[in-house]
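So you can see what is in the structure, the chains are spelled out below.
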Amino acid sequence: MIVKYKIDPKGKFRKKTVEPGITVAEFVDLVKDNLKYDVYAVRIDQIVKGLATVLSTDCELEFLDIRTQASKLIYQNSLNLIYIKATHDVLPDCEVEIETALSKGLYTEIRRNGKIVNVSEKKIAEIQERMEKMVAADLPFNREVVSRETAVEFLKANNREERMYLLESVPNMDKVKFYSLDGYKDSFYGSMVPSTGYIRRFELKKYRKGILLRFPQPDDPNTIPEHVDEVKLFDAFLEQSEWDELLGVKYVSELNYKVKNGEFEDLVQLSEALHEKKVAQIADMIKKGKKRLILIAGPSSSGKTTFARRLCVQLRVVGLNPLYMGTDDYFVEREDTPLDEHGEPNYEGIDAVDIKLFNSNMNDLLAGKEVDLPRFNFMTGHKEFGHRITKIAPDQPIVIEGIHGLNETLTKQIPREEKFKIYISPLTQLNIDMHNRISATDERMLRRMVRDYQFRGHSAKQTISQWPKVRAGEDVNIFPYSDEADVLFNSYHVYEIAVLKKYAEPLLEEIKQNEPEYADARRMLRFLRFFVSAEDDSMIVNNSIIREFIGGSIFVK
């Protein structure tokens, strides 16, 4: 049997002859000297397969390490079960809650009878030690798929109410996947590696009242990154937790019940009101601080345009008359555009911006001078002048939206006291259940997929194909500067996936099995099956951030 296997990101294959019946894990071991990073899954015929898969016919393998979303999630799922089992061994009367992504890892809380337990450093060290022993023992993850009825009986007997309610809210889920490790068994919806010995890099760190579970990230799969305390991100998590309690939605099952039982409209109205209140609070902060330059940045599909427009409205409410503009008109001349590592134009880097002109124009505006603002002609690749002669009043703020807004390099010649920086991102707080979380990255890709189809004529296939490059740009240009922000706005709505589902599902279904994007499409479809679709979204107001993606926005035409 001949197996072709991909060993580098440029798509080249090598060939190796092996006997039929070998597992993927055994094959990976044969060629591991050619691999730069550990492999946790493979793609065969555009379908992601686990390492326990048996190879019986000639095929092509694409090795997936932690740099791919599918493999990263497999690593996280496996690590989560090790962590949950170790915590159960050290604190047998407690339960782990996997909360949110934070500080290059996951923020978790330990609960006893529903209340947070402030675990000591000593106990955390014991949990880590227990995890390391399980990894050293290379214990198997045992997978079992059971009927819906069997799953409900098990969950009921083990007091896993939120999982049981989820099954009740999604009637078309006939089979449920369980994993067990060293006598501990629970339902997990993603895949895992064959055994604990694959999960070699992790650390636990006490954080506030919880514990950070930290592990390698796609930018450096062999290293646990240095801890950075993301204070504003955690504060946004606490605020969203308070909102979710007010809205009565912490898990997907609770959202499903509201969709099915006629409470969806009320949920939408409350969620939108919370957003409007937050935007108004930010406007008050700007006026009180007498800030003149308002800089807004965030990753793709965060709702930056709608947020910026809503902020302008609220600034007018408090007596200010903001000038709204973007940074796209400040691209350098096309022939001066920097090149990336592949020799292609890099339009997203900070060096693609005419920083000198931007700072000169902003300082002149703030000084009350009349300024000839450029207009970038994307057809010719050059800035044009004479179209926007602008002057602002002494107390008039400038609201600027752009990916480099938080990077001090963009505004290095403008005094810091003049600036107010806002980081915007949908920080998903809704989880499937206590142990299965929803990735904010996947939610943003859903938003972008729906918007790209609605307004840009792009297929879901194109969106998925471009997503790794989008994420790579965010890791360089946006995420490293998030803590520079004066305030963080969470643009997530607890109801939004129920709305996005009806738009996204048919787009994902169009992707064929012979296309490279098929594996991610199937993964997203499996994720969406947990949600009851909100077929009627007419109650969503026309200034909602969600309207930027599904259509009907008063701000985005």
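Each value, and the rule that gives it
- Residues numbered from 1 in each chain as written.
- Predicted model: local features only at pLDDT ≥ 70, side-chain atom pairs only at ≥ 80, totals over all residues.
- Heavy atoms only, no water.
- Helix = DSSP H or I, 4+ residues; strand = E, 2+ residues; numbered from the N terminus.
- Contact = heavy atoms within 4.5 Å.
- 1 Å grid on protein atoms, 1.4 Å probe; cavity = no way out; pocket = protein on both sides within 12 Å on 5 of 7 lines; lining within 4 Å.
- Points joined across faces, edges and corners; volume = space filled by probe spheres on them.
- Nonpolar A, V, L, I, M, F, W, Y, C, P; charged D, E, K, R; others polar.
- Salt bridge = Lys/Arg side-chain N within 4 Å of Asp/Glu carboxyl O.
- Buried < 20%, exposed > 50% of the residue type's maximum accessible area, 1.4 Å probe, protein only.
- Core = buried A, V, L, I, M, F, W, Y, C linked by side-chain atoms within 4.5 Å.
- Axes fitted to C-alpha atoms, helices over the stretch in contact; angles between N-to-C directions.
- Parallel < 35°, antiparallel > 145°, perpendicular 65-115°, else oblique.
- Left-handed = near helix turned anticlockwise from the far one by under 90°.

Trainee: Would you take a moment to explain the side chain of arginine 547 for this structure?
Mentor: Mapping arginine 547 onto the fold places it in helix α15 (residues 547-550). With residues up to four places along the chain from it excluded, the contact list for arginine 547 reads Asp537, Ser538, Ile540, Val541, Asn542, Gly552 and Ser553.

Trainee: Got a minute to help me understand the layout of surface pockets in this structure?
Mentor: Any space left empty among the atoms is revealed by the rolling of a water-sized probe across them. In this structure, the second largest pocket occupies an estimated 1100 Å³ of space. Around the second largest pocket, the lining comprises 45 residues; the ones closest to its centre are Lys177, Tyr189, Gly190, Ser191 and Arg526. Sorting the residues of the lining of the second largest pocket by element identifies β5 (47-49), α2 (69-90), β11 (142-147), β12 (175-181) and α14 (518-528) as the ones contributing at least two each. Class assignment for the residues of the lining of the second largest pocket results in 24 nonpolar, eleven polar and ten charged.

Trainee: Would you mind going over the pattern of salt bridges with me for this structure?
Mentor: For side chains of opposite charge, pairing can occur when their charged atoms come near one another. Counting across every chain of the model gives 49 salt bridges. Of the charged contacts in the structure, one is a salt bridge between arginine 67 and aspartate 65, with a shortest N-O distance of 2.7 Å. When the shortest N-O distance is used, the salt bridge between lysine 133 and glutamate 129 registers 3.7 Å. Pair noted here: lysine 133 and glutamate 129 are both in helix α3 (residues 121-137), with a separation of four residues, about one helical turn. Look at glutamate 129 and you get partly exposed, because its relative accessible area is 43%. Counted as one network, the salt bridges with shared partners bring together Glu97, Glu99, Glu109, Arg111 and Lys250.

Trainee: Quick question: what am I supposed to make of the nonpolar core here?
Mentor: Within soluble globular proteins, side chains that are nonpolar tend to cluster in buried spots. Counting residues in hydrophobic clusters, the biggest one holds 58 residues, and the most contacted among them are Leu255, Phe264, Leu430, Tyr495, Leu508 and Phe531. No other element matches the seven residues that helix α13 (residues 496-509) contributes to this core. In this structure, leucine 430 is in contact with Val249, Lys250, Tyr251, Val252, Leu255, Ile438, Tyr492, Val494 and Phe531, ignoring residues within four places of it in sequence.

Trainee: Sorry, what's going on with the packing of helix α6 (residues 231-247) against helix α8 (residues 264-289) here?
Mentor: Between two packed helices, the angle of one axis relative to the other and the distance separating the axes together describe the packing. For the pair α6 and α8, interaxial distance at closest approach is 10 Å and the crossing angle is 150°. The pairing of α6 with α8 is recorded here as roughly antiparallel in orientation. Here the hand of the crossing between α6 and α8 comes out right-handed. Facing Glu239, Trp243, Leu246 and Leu247 of α6, the residues of α8 in contact are Leu267, Leu270, Ser271, Leu274, His275 and Lys278.

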